Amino acid sequence: MNIKKSTIILYGLLAIAVVVAISGKFKEQKLKKQLNDVKVKEVAISKDKALQNELIKIDSLLIRGNYKSALNAYKKQANANNPYAKLRIELTKHFIQLNKARKTQDSLEVNEKEIDSNAIKSVVTPYEIRKYDSLNFAIEKLKTQLKRIKKQQQSKSYGEYLRFTNRKQHKVHYVGQVKNNKANGNGIAFFDTGSRYEGEWVNNLRHGEGTFYWNDGQYYVGQYKNDKRSGKGTYYWPNGEKYVGQWESDHQNGEGVFYDKNGNIITKGVWKNDKLIEQIKTN
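Remember, predicted model here, so these are calculated numbers, not experimental data.

**Examining the sheet that holds strand 8 (residues 242–248)**
Then step 1. Here we have eleven strands laid out as an open sheet, ordered 1-2-3-4-5-6-7-8-9-10-11, and antiparallel in their pairing. Of all strands in the sheet, those with a lone pairing partner are strand 1 (160–165) and strand 11 (275–279), marking the two edges. Ignoring strand direction, the axes of neighbouring strands in this sheet form an average angle of 20°.

Next up, the structure:
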């Protein structure tokens, strides 16, 4: 009887030892896996940091205005599979376009000074008057773009990157001035809808002067308040038509003028929520 009891105890202790050994083995494997995961993450973080550092070096070229050199350097990074280079390439291309516009603006300013007042008085046909008005409008638009470029170039913080979701639940990729980890100041944003906004921001909201481009060719140039078109602004259609006037909460509200593609006035009046409610006669 004593022999059987001791045998049972022996087998019991042996079973416990086997369970403890198996449990320890599982724990060891789990710890090894966790350690390996940590190492993989550390390698990924280190690699990501290195990619970011490469782009920060190139960002200094962009800030100094060496756009072509910056563009070539960003393209090399993109070819090297740097995932952060694509957005900067698009941004740099836009800077190059704005720089060309600035040079055109400087040229127009020189030509404008050379215009003789008597020559202006000799413009008598309605067609020529519209052409002259269009030229003045183009000059004013380019002046606004030039001021914005100067603001961006003077700011040392320009070039910081953010990603956030706006009030309409669209993902936003932002490059520009940042304060308190939010878009504050001048910057450019690309939306997951394919649209683009460039202008002033306050706490991740479009606020101030700005331009919004839709991917179908329509665009708006004017004032924003709390992420909505509010104040004075101009809306352009791809066919050349445009509305110039007052806005409130993303809608045409107040006095405004609707032009055809040739600059002729189609309608002038008072608008409410994008509808003409009172027409004003024009000479």
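**Quick look at the nonpolar core**
Then step 1. The biggest cluster of nonpolar side chains holds 18 residues, and the ones touching the most others in it are F164, Y174, A189, F191, Y197 and W201.
Then step 2. Taken together, the elements giving at least two residues each to this core come down to strand 1, strand 2 (171–179), strand 3 (182–191), strand 4 (196–202), strand 6 (219–225) and strand 8.
Then step 3. Setting aside residues no more than four positions away along its own chain, A189 makes contact with V172, H173, Y174, S195, R196, Y197 and W201.
Then step 4. Counting 17 residues, the second largest nonpolar core, distinct from the first, contains A73, Y74, L91 and V175.

**Section: the confidence of the model for the chain**
Then step 1. Averaged over every residue, the pLDDT of the chain is 77; the share at 70 or more is 69%.
Then step 2. Counted against residues more than four places away or in other chains, residues 115–124, with its pLDDT under 50, gives five contacts.

**So, the pattern of salt bridges**
Then step 1. Overall, the coordinates contain five salt bridges when judged by the stated rule.
Then step 2. Close ionic contact of E198 with R196 constitutes a salt bridge, the shortest N to O distance being 3.4 Å.
Then step 3. The buried category is assigned to E198, whose relative accessible area is 2%.
Then step 4. Here D250 and R229 are joined by a salt bridge, their closest N and O atoms 3.1 Å apart. A residue pair is termed long-range when its members are at least 10 positions apart, and D250 in the loop between strand 8 and strand 9 (251–259) and R229 in strand 7 (residues 228–236) qualify at 21 residues.
Then step 5. What makes D250 buried here is its relative accessible area of 15%.
Then step 6. Taking the relative accessible area as the measure of exposure, R229 reaches 12% and is therefore buried.

**Things to note about the side chain of N184**
Then step 1. Mapping N184 onto the fold places it in strand 3.
Then step 2. Within the structure, the side chain of N184 is placed 2.9 Å from the backbone nitrogen of N203, a separation counted as a polar contact.
Then step 3. The residues touching N184, leaving out its near neighbours within four places in the chain, are Y174, Q177, V178, K179, W201, V202 and N203.

About the thresholds
Residues numbered from 1 in each chain as written. Predicted model: local features only at pLDDT ≥ 70, side-chain atom pairs only at ≥ 80, totals over all residues. Heavy atoms only, no water. Pairing = 2+ DSSP bridges. Helix = DSSP H or I, 4+ residues; strand = E, 2+ residues; numbered from the N terminus. Axes fitted to C-alpha atoms, helices over the stretch in contact; angles between N-to-C directions. Core = buried A, V, L, I, M, F, W, Y, C linked by side-chain atoms within 4.5 Å. Buried < 20%, exposed > 50% of the residue type's maximum accessible area, 1.4 Å probe, protein only. Contact = heavy atoms within 4.5 Å. pLDDT = per-residue confidence, 0-100. Salt bridge = Lys/Arg side-chain N within 4 Å of Asp/Glu carboxyl O. Polar contact = N/O pair within 3.5 Å; in protein donor to acceptor, adjacent residues only side chain to side chain.

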